Each structure stands twice: as structure tokens, then as C-alpha cells.
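# Notes for the structure review
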Amino acid sequence: MHTRVVGVDVGSVALGRFAWAAVDAPSSALAARGSDPDTAVLALAEGLADGGCAALVLEAPMAVPVPAGWRELGRARAGEGNRPWSAGAGAGVLATGVAQAAWLLARLADVLPGTAATTRPDRWTAPGGPCLLLAEALVSGAGKPVPTESGPHAADAEAAARALAERLPDLASDVHCVPHRPFNLIAAAALWAGLDIPPEELHTEVLVVRARPDPGRAASASPATPPR
């Protein structure tokens with residue numbers, strides 16, 4: 001089944017650090033890319049047209065753990081390693097990502113009213129399930145791509161899209177909030193935007209896919225990505 005996956009490298013729009021890329025599965029062909037949020041939504045809507053399926057993958061923390069005891073507040077999610085959501089760059093991109101996710105989903109609700117969404121892959125792949133999957137990508141470390149001619153942010157956006165597209169149909173998360181309760185930020189953004197998403201997903205995990213090294217791409221070292 002054809003699936004459009006739109007990956008977003010979250011960053012400052014004003015400073016040109018926002019980028020998106022669309023990959024079509026199962027071919028994994030790059031369908032389009034851009035550098036503004038509105039065209040990202042249009043690329044997503046194109047994938048949802050005529051009953052199609054699509055996924056939106058943001059490179060920003062989209063769920064945070066809420067522990068029962070206060071001493072555990074701010075701890076990393078399982079699987080994050082040395083790049084926790086609550087420290088340094090993670091905390092900064094989380095704030096930017098929540099605002100950009102809300103804008104993207106509200107714009108999608110304007111373009112395609114009544115769009116049904118989910119953060120649960122099992123619901124997305126079920127017969128008659130929601131047509132839109134909302135997810136998170138981790139593009140760092142060994143999974144950091146070599147910048148393309150369009151720059152490092154475009155390369156990160158494409159890596160985010162491919163991280164999900166190339167795993168279809170078997171989607172398992174690389175990062176988990178458990179044993180703590182998840183606060184699903186992208187589900188909250190979807191509810192705020194007016195998409196059709198079950199409110200109980202506010203308390204469920206978000207699928208997190210980690211970008212993996214691609215030996216088929218250029219082996220040269222990539223320059224440091226500028227701060228967001």
C-alpha cells in the first residue's frame with residue numbers, strides 16, 4: 001500500500017533551520033522537500049488524498065515521562081542514551097517542536113477537515129483505522145546523515161522520513177517513557193488543532209524511530225549542524 005511519510009527537521013523558521021522531506025513507501029523514493037511549514041502540510045495532504053495513508057514524523061521529543069515520584073522528574077526516556085529529552089538541545093527543540101506540531105496539524109485540519117489521526121501504529125495499520133500516523137524521529141549520533149546539496153536540515157528531514165518509511169510495515173519504538181506515565185505531546189497538539197484523535201492517546205506512548213547509518217550514502221564526515 002502506498003504511504004506518504006513526511007519528515008520534519010524542527011528548527012527556527014526565521015533563521016532558515018526548518019526543513020521537511022516527503023518519502024513514498026514502499027519504494028522509499030524521495031517525493032519532495034521544502035523549507036517552510038505550509039508546503040510540508042500540502043505534501044502531507046497530498047498523501048492523504050483519495051483515502052491514502054500518511055505519517056508525519058517530527059525530529060523533536062513528542063512524549064515525555066511523568067513519574068509517580070518527584071525525584072524522577074526530568075529523567076531520560078528509556079533508549080535515549082546520552083541525548084535525553086530534558087537536557088540542552090533536547091529541551092530547546094521540544095519547545096519549538098510542540099509549537100510547530102500544533103501549527104502543522106491545525107493547518108492540516110483546515111486543508112482536510114475531519115482527518116483522523118493516531119499515535120499508535122496498531123490503530124493506523126488496522127483495517128478502517130485512522131489515515132494519519134503521528135510519530136517522532138531521533139536523528140543523531142551514527143544516524144546523522146551527510147548533508148545534501150540542500151543543506152544539513154534538509155538531510156535530517158529526509159533521514160527522519162526514511163527512519164519510518166524503511167521500517168514499514170513493522171513499526172516498533174526505539175524509545176519508551178515506561179516505567180513512567182507518558183504525556184503524549186503530539187496527541188495534545190492534534191486535539192488542540194481539531195483533528196479526530198482519541199483523547200486517551202494523551203496517556204499513551206509515541207512511536208520513536210531512530211535514524212540508522214546508511215552505508216550507501218557518502219562516507220565523508222558531515223560538518224557540525226548549526227544550533228537551532
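All figures in this text were calculated on a predicted structure; none of them were measured in a lab.

Glancing now at the confidence of the model for the protein chain. Put simply, the protein chain has an average pLDDT of 90, and 88% of its residues get 70 or more. Low pLDDT, under 50, characterises residues 217–228; the predicted model gives this stretch 24 contacts beyond four residues in sequence or across chains.

Let's shift gears to the side chain of Glu-136. Residue position: Glu-136 is located in strand S7 (residues 132–138). The buried category is assigned to Glu-136, whose relative accessible area is 1%. Every residue in contact with Glu-136, bar those within four places of it in the chain, is listed here: Val-57, Leu-58, Ala-60, Pro-61, Met-62, Ala-63, Arg-77, Val-206, Leu-207, Val-208 and Val-209.

It is worth spelling out helix H2 (residues 89–111) at this point. The terminal C-alpha atoms of H2, which comprises 23 residues, lie 32 Å apart, in line with the 33 Å expected from a rise of 1.5 Å per residue. Here H2 has its buried residues at Gly-90, Val-93, Leu-94, Gly-97, Gln-100, Ala-101, Ala-102, Leu-104, Leu-105, Leu-108 and Ala-109.

On to the environment of Glu-59, then. Tracing the sequence through the fold places Glu-59 in the loop between strand S4 (53–58) and strand S5 (63–66). Note: C-alpha distance between Glu-59 and Val-208 (149 residues apart in sequence) is 9.4 Å.

What follows concerns the pairing of strand S1 (residues 3–9). Summarising burial for S1: seven of the seven residues are buried, a large majority. Burial along S1 is two-sided: the residues Thr-3, Val-5, Gly-7 and Asp-9 and Arg-4, Val-6 and Val-8 are all buried.

How each quantity is defined
- Residues numbered from 1 in each chain as written.
- Predicted model: local features only at pLDDT ≥ 70, side-chain atom pairs only at ≥ 80, totals over all residues.
- Heavy atoms only, no water.
- pLDDT = per-residue confidence, 0-100.
- Contact = heavy atoms within 4.5 Å.
- Helix = DSSP H or I, 4+ residues; strand = E, 2+ residues; numbered from the N terminus.
- Buried < 20%, exposed > 50% of the residue type's maximum accessible area, 1.4 Å probe, protein only.
- Expected span 1.5 Å × (residues − 1).

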